[in-house]
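# Topology and contacts: notes
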Amino acid sequence: RQWRHDDENVAYPTFEVIAKNYRRLKAKKPGLNIICVHKGLAPGPPDTAERGHPRDLPKAARDWPELNFVTYHSCIQPSFFDRQSLVEIQSGVTREGVPDIKWTTEYAIMVAPFRNCYAEIGTTWASSVITFPTVAAHILGQLMKFVGQNRIVFGSDSVWYGSPQWQIEALWRFQIPDEMRRRYGYPELTEAAKRKILGLNSARIY
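None of the values given here were measured: they were computed from a predicted structure. (Residues numbered from 1 in each chain as written. Predicted model: local features only at pLDDT ≥ 70, side-chain atom pairs only at ≥ 80, totals over all residues. Heavy atoms only, no water.)

### Some details on the sheet that holds strand S2 (residues 68–72)
If you walk across this open sheet you meet the 4 strands as S1-S2-S5-S6, and the pairing is parallel. The outermost strands of the open sheet, each flanked by one partner alone, are strand S1 (34–38) and strand S6 (152–153). Sheet analysis places strand S5 (residues 117–120) next to S6, joined by 2 bridges and oriented parallel. Directly across from Ala-119, in S6, lies its bridge partner Ile-152. (Pairing = 2+ DSSP bridges. Helix = DSSP H or I, 4+ residues; strand = E, 2+ residues; numbered from the N terminus.)

Spelled out as structure tokens, the structure:
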């Protein structure tokens, strides 16, 4: 059976152990309440809708407000190569007024109300910024718009790619085009926002 955040028989007992220990140890281990889960980069046909889809997050986030849920890769559906996301953007199909990128757009909208949900960009950023920067711009724009700059965290997946310096430098240089921001209501990717994404947000919750 597939593991889910909202599985009351499997995940919730684990969350209870973590929450109980966090209450006791949070002064010494402030990051003990963080639940990190890989979501997205889902291989296989698009009809495998449960494999990495964010629909299990809202209930868990609501039921466990003292836990922080960090979602690796921000749920993007394609495996490592973002041409599918570019096609989705070019299709004109939208969700809440922005291009519907499977499943990252859904994720950003679903977790927007929950202050204990954090979007990690990892391979989603690494694979899009060097292949289809338009996709990278929409992803960061949507995460900034719905989740907010205080709840996006940097990850490099450098275990696969080697030194993360190229990803860090790419984010420092990156800007969301003004026309795209005006059309879709994306916030500006300021230096302050980049500092939060690259480290300050993670430093705060860990």
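### Remarks on the nonpolar core
Ranked by size, the top nonpolar core spans 52 residues in total, and within it Phe-15, Phe-69, Trp-125, Leu-143 and Leu-189 carry the most contacts. For this core, the element with the most residues is helix H6 (residues 133–147), which contributes 9 residues. If near-sequence neighbours (up to four positions away) are discounted, Phe-69 is found in contact with His-5, Phe-15, Ile-35, Leu-57, Ala-60, Ala-61, Trp-64, Asn-116, Cys-117 and Tyr-118. Among the nonpolar cores identified, the runner-up in size contains 5 residues, and Ile-34, Val-70, Val-153 and Ile-205 belong to it. (Core = buried A, V, L, I, M, F, W, Y, C linked by side-chain atoms within 4.5 Å. Buried < 20%, exposed > 50% of the residue type's maximum accessible area, 1.4 Å probe, protein only. Contact = heavy atoms within 4.5 Å.)

### Re the side chain of Asp-6
Turning to its location among the elements, Asp-6 is positioned in the segment before helix H1 (11–25). Given a relative accessible area of 18%, Asp-6 falls into the buried group. Side-chain polar atoms of Asp-6 contact the side chain of Arg-4, separated by 2.8 Å. Once residues lying within four places of it in the same chain are set aside, the contact partners of Asp-6 are Tyr-12, Arg-55, Asp-56, Lys-59 and Ala-60. (Polar contact = N/O pair within 3.5 Å; in protein donor to acceptor, adjacent residues only side chain to side chain.)

### A closer look at the packing of helix H4 (residues 104–111) against H6
Direction vectors running N to C along H4 and H6 enclose 15°, while the axes themselves pass 8 Å from each other. In terms of their interaxial angle, H4 and H6 are classed as roughly parallel. Classified by chirality, the crossing of H6 by H4 is right-handed. Taken together, the residues of H6 that come into contact with H4 (itself represented by Thr-104, Thr-105, Tyr-107, Ala-108, Ile-109 and Val-111) are Ile-139, Gln-142, Leu-143, Phe-146 and Val-147. Counted by class, the contact of H4 with H6 contains 8 nonpolar, 3 polar and no charged residues. (Axes fitted to C-alpha atoms, helices over the stretch in contact; angles between N-to-C directions. Parallel < 35°, antiparallel > 145°, perpendicular 65-115°, else oblique. Left-handed = near helix turned anticlockwise from the far one by under 90°. Nonpolar A, V, L, I, M, F, W, Y, C, P; charged D, E, K, R; others polar.)

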